[in-house]
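Close look at the chain arrangement
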Amino acid sequence: METPVPALDPMTVDFAALKVLRLVHAHGSFTRAAEALGVNQSTVSYAIDRLRKVFKDPLFVRQGAGIVATDRCEEIVAAAGRMVDEFAALTEPRDFDPANARATITVSCNFYERVTLVPPLVRRLRELAPGLKLDIISSTVQGKEQLARGESDLLIGPVQITEGGFYGRRLISDHYVCVMAPDNMLAGQILNAREFVAVPQVVVTYGGNWRSSYLTEIDAAGLVPNTVMEVPSPANLPDLLTCTDLIATVPLRIARAYGDQVVIGECPFPAPFGIDLYWTSRTHHSAMHKWLRGLLGRIAEDLKQDGP
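Quick summary incoming for the structure in this document. (Residues numbered from 1 in each chain as written. Predicted model: local features only at pLDDT ≥ 70, side-chain atom pairs only at ≥ 80, totals over all residues. Heavy atoms only, no water.)

Some remarks on the sheet that holds strand β9 (residues 227-231)
In spatial order, the strands read β9-β8-β10-β7-β11; together these five strands make up an open sheet with mixed pairing. Edge positions in the sheet fall to β9 and β11 (263-266), since each has one partner strand and no second. The average angle at which neighbouring strand axes cross in this sheet is 35°, direction not considered. As judged from the four bridges shared by strand β7 (residues 176-180) and β11, these two strands associate in the antiparallel manner. Bridge pairing in β11 places V179 opposite I264. (Pairing = 2+ DSSP bridges. Helix = DSSP H or I, 4+ residues; strand = E, 2+ residues; numbered from the N terminus. Axes fitted to C-alpha atoms, helices over the stretch in contact; angles between N-to-C directions.)

Some details on the layout of surface pockets
In this structure, the largest pocket spans a volume of roughly 1,000 Å³. If you trace the largest pocket, you find 37 residues lining it, with R22, D85, L147, A148 and R149 closest to the centre. No other element matches helix α4 (residues 71-91), which puts eight residues into the lining of the largest pocket. Considering only enclosed or pocket space, the second largest pocket measures out at about 510 Å³ in volume. Every residue lining the second largest pocket is counted, 26 residues in all, and those nearest its centre are N110, F111, Y112, Y206 and W210. (1 Å grid on protein atoms, 1.4 Å probe; cavity = no way out; pocket = protein on both sides within 12 Å on 5 of 7 lines; lining within 4 Å. Points joined across faces, edges and corners; volume = space filled by probe spheres on them.)

Some details on the sheet that holds strand β4 (residues 132-138)
Pairing is mixed in the open sheet, where five strands are placed in the order β4-β3-β5-β12-β6. Each edge of the open sheet carries a strand with a single partner, namely β4 and β6 (166-174). The sheet shows a mean angle of 20° between the axes of neighbouring strands, taken without regard to direction. Direction of pairing for strand β3 (residues 103-109) relative to strand β5 (residues 154-157): parallel, over a ladder of two bridges. Bridge pairing links V107 to L154 in β5. Relative to β4, helix α6 (residues 118-128) is tilted by about 165°, and along the sheet it contacts β3 and β4. (Contact = heavy atoms within 4.5 Å.)

Brief notes about helix α3 (residues 41-55)
Compared with an ideal rise of 1.5 Å per residue, which puts 15 residues at 21 Å, α3 spans 21 Å between its outermost C-alpha atoms and is within 8% of the ideal. Buried residues of α3: V44, A47, I48, L51 and V54, and no others. With its buried residues spanning 115° around the axis, α3 presents them on a single face. In α3, the exposed residues that point more than 90 degrees away from the buried face are S42 and Y46. Turning to α3, the residues buried within the fold contact α1 (15-27), α2 (30-37) and β1 (60-63). (Expected span 1.5 Å × (residues − 1). Buried < 20%, exposed > 50% of the residue type's maximum accessible area, 1.4 Å probe, protein only. Arc of directions from axis to C-beta.)

A closer look at the pattern of salt bridges
Per the stated rule, a full pass over the model turns up nine salt bridges. Notably, a salt bridge pairs E75 with R72, separated by 3.4 Å at the nearest N-O pair. In this pair, E75 and R72 both sit in helix α4, three residues apart, roughly one turn of the helix. The salt bridge partner of R149 is E151, with a shortest N-O separation of 2.7 Å. (Salt bridge = Lys/Arg side-chain N within 4 Å of Asp/Glu carboxyl O.)

Some remarks on unusual backbone geometry
At T140, a position not held by glycine, the phi torsion is positive, near 45°. Note that T140 resides in the loop between β4 and α7 (143-148). One non-glycine residue with positive phi stands out, namely C243, at about 60°. Of note, C243 is situated in the loop between α10 (237-241) and β10 (247-251).

A short note on empty space enclosed by the protein
Inspection of every chain in the model, using the stated rule, returns one cavity of 30 Å³ or more. One number sums up the size of the largest cavity: a volume of about 40 Å³. Lining the largest cavity, in full, are C178, M180, Q189, I190, L191, G265 and E266. Secondary structure elements with two or more residues in the lining of the largest cavity: β7 and β11. Here the residues of the lining of the largest cavity are counted per class, giving four nonpolar, two polar and one charged. (Nonpolar A, V, L, I, M, F, W, Y, C, P; charged D, E, K, R; others polar.)

Points about the packing of aromatic side chains
Applying the stated criterion across every chain, the model contains seven aromatic pairs. Their ring planes at 50° and their centres at 5.4 Å tell us that F96 and W291 sit as a pair that is tilted. Here the residue F96 occupies a position in the loop between α4 and β3, and W291 occupies one in helix α13 (residues 287-304), the gap between them amounting to 195 residues. Seen from their ring centres, Y176 and Y214 are 5.2 Å apart, and the 45° between their planes marks the pair as tilted. Of this pair, Y176 sits in strand β7 while Y214 sits in helix α9 (residues 213-220); the two residues are 38 residues apart in sequence, bridging distant segments of the chain. The exposure classification of Y176 matches that of Y214, with both residues buried. (Phe/Tyr/Trp six-rings, centres within 6.5 Å; stacked < 30°, edge-to-face > 60°.)

Topic: the nonpolar core
Ranked by internal contacts, the top residues of the largest apolar core, which has 60 residues, are I156, F196 and Y214. In terms of residue count, the dominant contributor to this core is α13 (eight residues). For I156, the residues in contact, after removing those within four places along its chain, are V107, S108, C109, E113, L117, L171, I275, D276, L277 and L296. Listed in part, the 21 residues of the second largest apolar core include A17, L18, I76 and V77. (Core = buried A, V, L, I, M, F, W, Y, C linked by side-chain atoms within 4.5 Å.)

By themselves, these figures tell us nothing about what the structure is for.
Rendered as structure tokens:
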């Protein structure tokens, strides 16, 4: 049974303590929250202890080797998160001058976005806002959590977030195609579903953290691809395909980035998907971030001119 904790004056709570609470909740760990804040664990424990006294609730309880939030903690974190974000928004300048801005913006994304959207973004920033620094981190399948914890300012990827507290917009759409070496005997041919799965293939596993949607379509058709090689990234596919009978399946915009190193063919499992941009209330009203999101939107419109 949890021991009741004495009450403390609620007016002694500050935003720093609420930020600690939010991070402990997001990470499910006092240690990881301390690492994220760059402080020692005793500092985090002290902040949580004070909040326990204010809210007359244990907030977190031991479960196995970890901790879980109480129902009251879940309620407090939801409300506190909004308050912290709204206060942070109040401190943001209402005007933004790209040419003189000095800041670091962290973007969570993966290989696809680093090939398609990040290069033109870098070029535009060097031209318009050279004082802005981009910090690109891999989202793998943790993008939503990175965004919620404040580890990134923007998340870009083929993800769907429906929970409250997130804002989003569609940037571009794409679908899967086949790629092969120019001297592959199948180059220029149109394969039906059974012919396609029979061809020896290199399958990109994305490190095991992501499964391409074309593979899901193959599963739904009751078929199995003739996988002879798996790789964690599509980065060097042209080198692997050269002088072989192998094919691989990647999004069209990645295939185009290979240039004349490959021949692109239709895939009978195109599995269309969208690439969305997400952010939270922490940056929603920021003039700088509004400008950056608008810039990404314009870049996406330019990419759409090339299809699909």
